[in-house]
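# Fold and contact review
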Amino acid sequence: MKKSIYAVFDVGKTNKKVILFDEERRIIDEHQQVCLETVDEEGFPCETLSRLSQWVHDRWNALRHNAHYNLKGVNFTSYGASYVHLGANGQPILPLYNYLKPLPEMLQDRFFAELEQSPEEFAAETCSPKLGMLNSGMQLYWLKHHKPDQYARIRTSLHLPQYLSYLITGEAFSDYTSVGCHTGLWNFKLGRYHDWVYREGIDDKLAPLTKDSIASVVDGILVGVGLHDSSAALVPYMQEDEKPFLLVSTGTWAVTFNPFNREPLTPELLRRDCLSYLSPKGEMTKASRVFFGREHDFQVQRIAHHFHVKPDFYQSLMVARPYEEVADPFHPWCMRGTGPFPEEQVSEWDLSGFKTAADAYQHLMQGLMGILTESINLIRKEEKLIYVDGGFARNPLFMQLLATNFPGVKIRTLEVPQATALGALIHMEQGEAWKKTQLLFS
């Protein structure tokens, strides 16, 4: 008997994975691939699209012809702010440009000069701070005005998760989670593309939007439309709890998601590093972020060097306790222009007032938690439950200090393995096409 399985392609900037689940959503296998970067025509690093595409095709064919598995469904999740541009023959005709590629200042100035509103009003309507190429709509504007010949050859531009699905199905869709992720494309107030998209004719290059999670059925296998990774990671928690909650996803950034806060994003919230995303059904999800993990790792290295201890010294500290009050107040170094205090000037935190590395680390965590608490409160309503995932969910001091700063709030970790991939699987199972094709599998 073949084992029935589902597969999710989880494509990160560095690591690409395909994760196999059984019918109870348990992980049974995982394959990882590293695709080395190439450069675009201007010499800027970018994804090697041909290699990525070949890897997806190879894994797909291996899975559906596997002697031990009966593949029932496959979905895709990846980083956002990245377009694949297809020509008349349905094949990619341009590089997969890196969202870190600088956007010419003159072009950006022209874009905002043509708007019939202030940059602040535009940012509030589109929930998109001015982020250059990270506003993926600006990539299309850049191509139209900077490379008009290449732009004219584009038939359809697909965000990366939807391109991965297209590789299997040949069906082109746009998805709300990719369109609603600081792209500058979506008017959150009106629930449609922003006026500039129509004015520039950008909408002609975009595939139809779908709320269904299924793109097609290929050889009896359900193929998902694909999801932006941040939105996918939230799905397992939405399944777990119907009552209002916050999710604090920790790593290089600590991103707090509040899927129950539908209030409009104000210019002040945008200034303080808050965003709104679209859910797979086109509903608003409020988020705030802090450069938490980057700051933590930078300061840990400084503490270790100052006190001549190993960089992992802090992992043995299990209990939060008061720190040396006479020491210099904590000053972040890596957070300038980000987080809830974007105007705070960078200054070097003085470690000379601490007696031990442990004292300094306690002070660091208290300082970082103060900033994170402010960030969480920017989007929190009265939620009495906070989930924590990512690396800091396993840091006892982090969890204790979070509980201290939010008295009366339940702090939980689900320890969801591969939450992003699991979210993509759950979302696929919620599709309308899924329900209509259940008879195929009975």
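All values reported here derive from a predicted model rather than from experimental measurement.

## As for the pairing of strand β17 (residues 254-258)
Along a regular strand, successive side chains alternate from one face of the sheet to the other. Counting buried residues in β17 gives 5 out of 5 residues, a clear majority hidden from the surface. Residues Ala254, Thr256 and Asn258 point to one face of β17 and Val255 and Phe257 to the other, with burial holding for every one of them. Bridge count between strand β16 (residues 246-250) and β17: 3 bridges; the pairing is antiparallel. The residue of β17 that forms the bridge with Val248 is Thr256. As judged from the 5 bridges shared by β17 and strand β19 (residues 284-290), these two strands associate in the antiparallel manner.

## A look at the side chain of Ser82
As for its placement among the helices and strands, Ser82 is situated in the loop between β6 (69-78) and β7 (83-86). With relative accessibility at 1%, the residue Ser82 sits in the buried group. Within the structure, Ser82 has its side chain in polar contact with the backbone oxygen of Gly80 (distance 3.0 Å). Setting aside anything within four residues of it in sequence, one finds Ser82 in contact with Leu96, Tyr99, Ser136, Gln139, Leu158, His159 and Leu160.

## Digging into the nonpolar core
Counting residues in each nonpolar core, the largest one holds 43 residues, and the members touching the most others are Phe292, Ile303, Tyr361, Ile386, Phe398 and Leu402. Listed by contribution, the elements that provide at least two residues to this core are β16, α11 (292-307), α12 (357-379), β20 (385-390) and α13 (396-405). Here this core gets 11 residues from one element, more than from any other, and that element is α12. The contact partners of Phe292, leaving out residues within four places of it in the chain, are Gly251, Thr252, Trp253, Ala254, Met335, Met365, Leu368, Met369, Leu372, Phe392 and Phe398. In this structure, Leu103, Met133, Tyr141 and Ile154 belong to the second largest nonpolar core, which totals 38 residues.

## Here's the deal with the pattern of salt bridges
In this structure the tally under the stated criterion is 23 salt bridges. One salt bridge connects Arg262 with Glu283, and the closest N-O pair in it is separated by 3.9 Å. In this pair, Arg262 sits in the loop between β17 and α10 (267-271) while Glu283 sits in the loop between β18 (274-278) and β19, placing the two residues 21 residues apart along the sequence. Shared partners join several salt bridges into a network, and the residues in it are Asp40, Glu41, Glu42, Lys101 and Lys147.

## What about the pairing of β19?
Most of β19 is tucked away: 6 of the 7 residues are buried. By the bridge criterion, 5 bridges tie β18 to β19 in an arrangement that is antiparallel. Directly across from Ser276, in β19, lies its bridge partner Lys286. Where β18 folds back onto β19 in an antiparallel hairpin, the turn is made up of 5 residues, including Gly282, whose phi is positive at roughly 85 degrees.

## Focus: the sheet that holds β18
What the 6 strands build is an open sheet, ordered β18-β19-β17-β16-β20-β21; its pairing is mixed. Either end of the sheet is taken by a strand with one partner, and the two such strands are β18 and β21 (410-412). For this sheet the average axis-to-axis angle between neighbouring strands, irrespective of direction, equals 25 degrees. Taken strand by strand, α13 contacts β16, β20 and β21, and its axis lies near 160 degrees from that of β20.

The rules behind the values
Residues numbered from 1 in each chain as written. Predicted model: local features only at pLDDT ≥ 70, side-chain atom pairs only at ≥ 80, totals over all residues. Heavy atoms only, no water. Buried < 20%, exposed > 50% of the residue type's maximum accessible area, 1.4 Å probe, protein only. Helix = DSSP H or I, 4+ residues; strand = E, 2+ residues; numbered from the N terminus. Pairing = 2+ DSSP bridges. Polar contact = N/O pair within 3.5 Å; in protein donor to acceptor, adjacent residues only side chain to side chain. Contact = heavy atoms within 4.5 Å. Core = buried A, V, L, I, M, F, W, Y, C linked by side-chain atoms within 4.5 Å. Salt bridge = Lys/Arg side-chain N within 4 Å of Asp/Glu carboxyl O. Axes fitted to C-alpha atoms, helices over the stretch in contact; angles between N-to-C directions.

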